[in-house]
Amino acid sequence: MKTFLSLAFALLLAACSTLNPQSSYPPIVFVHGNGDTAALWMPTVWRFESNGWPRDRLFALDAPNPLARTVDAKPQEGRTGTAEHLQILATEVERVRKLTGADKVILVGNSRGGNVIRNYIRNGGGAETVSAAVLGGG
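Asks: Explain helix α3 (residues 82–100) to me, and be specific about the residues and the numbers.
Replies: The end-to-end C-alpha distance of α3, which contains 19 residues, comes to 27 Å, matching closely the 27 Å that a straight helix rising 1.5 Å per residue would cover. Elements in contact with the buried residues of α3: β1 (28–31), β2 (58–61), β4 (79–80), β5 (105–110) and α4 (112–123).

Okay, structure coming up:
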């Protein structure tokens, strides 16, 4: 999976390497997997920064209660279901869009983060707000 993510990031960076300094870099929202935190993405954020991506265009979602429920439809303390996770991502995308003034964002996710990205694009309005998605192990 690390090889896949490395390749995906390399392709994303290469595709955007033709942006000139006057161009606006699209905001990127990184979405962690089950049981992780935004800290998972810090080395990736630093890598993007070191390659010239403006720090104010890089965001790592830190989802509360990041563990999935054992049974999605059954509430479980300290865990989120699919619908709640989708709402958390949708709220973050809207926050980033308002903060940056961008029409669309790029979403990058691994594991459960990839699952919620797919769900958001297909069922949560993300087709209108996402310009690209990179999914690893979702």
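Asks: I'd like a rundown of the packing of aromatic side chains, residues and numbers included.
Replies: Using the criterion set out here, one finds 4 aromatic pairs in the structure. Here Phe48 and Trp53 contribute two aromatic rings whose centre-to-centre distance is 5.7 Å and whose plane-to-plane angle is 80°, an arrangement assigned as edge-to-face. Site record: aromatic cluster; members linked through ring pairs are Tyr25, Phe30, Trp41, Phe48 and Trp53.

Asks: Break down the environment of Asn115 for me, citing the residues and quoting the values.
Replies: As for its placement among the helices and strands, Asn115 is situated in helix α4. Sequence separation of Asn115 and Gly33 is 82 residues, and the distance between their C-alpha atoms is 8.8 Å.

Asks: Tell me about the nonpolar core, residues and numbers included.
Replies: Core analysis: the biggest nonpolar cluster contains 17 residues, and Val29, Val31, Leu61, Leu89, Val93, Leu107 and Tyr120 have the highest contact counts within it. Residue assignment for this core shows that the elements contributing at least two residues are β1, β2, α3, β5 and α4. Among the elements that line this core, the one with the most residues is α3, at 6 residues. Not counting chain neighbours up to four residues away, the residues in contact with Val31 comprise Trp41, Leu61, Leu89, Val108, Gly109, Asn110, Gly113, Val116 and Ile117. One finds Tyr25, Ile28, Trp41 and Val45 within the second-largest nonpolar core, a separate group that totals 11 residues.

Asks: Any details on the pairing of β2? Residues and values, ideally.
Replies: Inspection of the sheet shows β1 paired to β2 by 4 bridges, in the parallel sense. From the neighbouring strand, Phe30 faces β2, where its bridge partner is Ala60. Once the chain exits β1 it traverses helix α2 (residues 42–50) before rejoining the sheet at β2, and the crossover so formed is right-handed.

Analysis parameters
Every chain begins its residue count from 1, and numbering advances along the sequence as written. Given that the model is predicted, a residue must reach a pLDDT of at least 70 before its local features are reported, and side-chain atom pairs must reach 80 or more before they are shown or counted; all residues, however, enter totals for whole chains, interfaces and linings. Hydrogens and water are ignored here; the side-chain numbers use all heavy atoms of the structure. Going along the chain from the N terminus, every DSSP run of H or I of four or more residues is numbered as a helix, and every run of E of two or more is numbered as a strand. To estimate the expected span of a helix, subtract one from its residue number and multiply by 1.5 Å. Contact criterion: two residues are considered in contact whenever any of their non-hydrogen atoms come within 4.5 Å of each other. Pairing of aromatic rings covers Phe, Tyr and Trp, the last counted by its six-membered ring, and requires centre-to-centre distances within 6.5 Å; plane angles under 30 degrees mean stacked, over 60 mean edge-to-face, and any other angle means tilted. What is meant by a nonpolar core is a set of buried Ala, Val, Leu, Ile, Met, Phe, Trp, Tyr and Cys residues, joined one to another through side-chain atoms within 4.5 Å. Here's how the labels work: a residue is buried when its accessible area is under 20% of the maximum for its type, exposed when over 50%, partly exposed in between, all with a 1.4 Å probe on protein chains only. One requirement defines pairing of two strands: DSSP has to find at least two bridges between them. Assignment of crossover handedness uses the view with strands pointing away from the viewer, where a clockwise path from the first strand over the helix to the second indicates a right-handed crossover.

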